[in-house]
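# Close look at the chain arrangement
Here are the chains, one letter per residue:
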Amino acid sequence: TGVQTCALPISVPNFGAKLTRDRGIVRLDLNFTDFFDGVLALIPEQMAQPRSMVLMGKNAVPMAIGASFEQLGKALTGHIVAGMKPPANRPPIPMIMLGVRDIKEADMLLSNMTSMLKTVHKAPIEDGKIAGLDAYMVKDGGMEFGLVRSDSMIYAGLVADIKQALAGKGDLPGGIAAKINSPTMFGFFMDFDTVLKAMQKTMPAEEFNAMSALAKNSWSGMLVDGFLSSR
């Protein structure tokens, strides 16, 4: 009850055109407006403590982010993507894309949330530009983060990753792009060759060579072309 069905009122944005196959990709659809009510409906009434925690979250999250779930539902479609490219020297930082339902509501949402973060949490957010678009920027330890809306999508993450996504030079296989652009409760994609490269750095060559062939043969049995979805 807390998750949108496949019969969504608004089509999924073209996430697939923005993503490259060297990233691990997670796709999730959420009904923002009814999310906590849906979770609450799954918990039996006699389980008082878990129910109270859900109710606390329903009240606490809007205070933390500066927006109610009703506002999120008006502004956003509920289609979400997180793409993570594993770097060599630090944990991966996801680049998140959100589908926009109403542009005016989405711009107001971003303005209210960033204003609250600056005034209440003293976040060092500054106005800036990403690929010529008005954006919110944060610099931290030599890294530059951004938040920007372009047409029917909101992008958040490292500025370099956002610029790559905005350029629309995705190289996902056609079948994977189609699945990522379809209504899905939850799904993820991992390119096998990218996984192999990551494994190769963490184990002895002899062990890697012995298991890589077996892993490649079993990969298609676990995932369909590297994509696993659940409705």
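Heads up: the structure comes first, above all this text.
Residues numbered from 1 in each chain as written. Predicted model: local features only at pLDDT ≥ 70, side-chain atom pairs only at ≥ 80, totals over all residues. Heavy atoms only, no water.

## Some words on the overall build of the chain
Short version of the rule: A helix here means a DSSP run of H or I that spans at least four residues, while a strand means a run of E at least two residues long, and both kinds are numbered starting from the N terminus. The cut-offs for exposure are 20% and 50% of the maximum accessible area for each residue type, with area from a 1.4 Å probe on protein chains only; residues under the lower value are buried, those over the upper are exposed, and the others partly exposed. Residue contacts are counted whenever heavy atoms from the two residues lie within 4.5 Å of one another. Exposure was quantified through the Shrake-Rupley algorithm and a 1.4 Å probe, taking into account, for residues, occlusion by the shown protein chains and nothing else. All tallies of charge rest on Lys and Arg as positive and Asp and Glu as negative; His and the ends of each chain are not included. Charge placement uses NZ in Lys and CZ in Arg. For Asp and Glu, CG and CD serve respectively.
Within the chain one finds eight helices and nine strands. Dimensions of the chain along its principal axes, counting C-alpha atoms only, are 55 × 50 × 30 Å. Buried positions account for 36% of the 231 residues belonging to the chain. Contacts spanning at least 24 positions in sequence make up 67% of the contacts within the chain whose residues lie at least 6 apart. Element-wise, carbon and sulfur atoms account for 60% of the exposed surface of the chain, whose accessible area totals about 12900 Å². Between the centroid of the 23 positive side chains of the chain and the centroid of its 22 negative side chains there is a distance of 3 Å.

## Quick notes on the pairing of strand β3 (residues 95-100)
Stated precisely, the cut-off is as follows: Here the rule is simple: two strands pair whenever DSSP picks up at least two bridges between them.
Relative to β3, strand β2 (residues 76-84) runs antiparallel, the two sharing five bridges. Paired with G83 across the bridge in β3 is M95. Bridge analysis of β3 against strand β7 (residues 153-158) gives four bridges, and the strand direction is antiparallel. The partner of L98 across the bridge, within β7, is I154.

## Quick look at the nonpolar core
Test applied: By nonpolar core we mean a set of buried residues, namely Ala, Val, Leu, Ile, Met, Phe, Trp, Tyr and Cys, connected to one another through side-chain atoms within 4.5 Å.
Counting residues in each nonpolar core, the largest one holds 23 residues, and the members touching the most others are F15, L19, M97, I130, Y155, L172 and I180. At the level of secondary structure, the elements contributing two or more residues to this core comprise β3, β5 (133-140), β7, α5 (159-166) and α6 (174-180). If you tally residues by element for this core, the top one is α5, at four residues. Apart from residues no more than four positions distant in its own chain, I180 is found in contact with V12, F15, G16, L19, I25, R27, V81, L172, F189 and F227. If you look at the next biggest cluster of nonpolar residues, it comprises 19 residues, including L40, I80, A106 and L109.

## Remarks on the pairing of strand β1 (residues 24-29)
On β1, burial follows the alternation: I25, R27 and D29 on one face are buried, whereas G24, V26 and L28 on the facing-out side are not. Sheet topology places β1 next to β2; six bridges connect them, and they run antiparallel. Pairing of R27 across the sheet is with V81, part of β2. Of the strand pairs in this sheet, β1 and strand β8 (residues 186-189) are connected by four bridges, and their pairing is antiparallel. Bridge pairing in β8 links V26 to F188.

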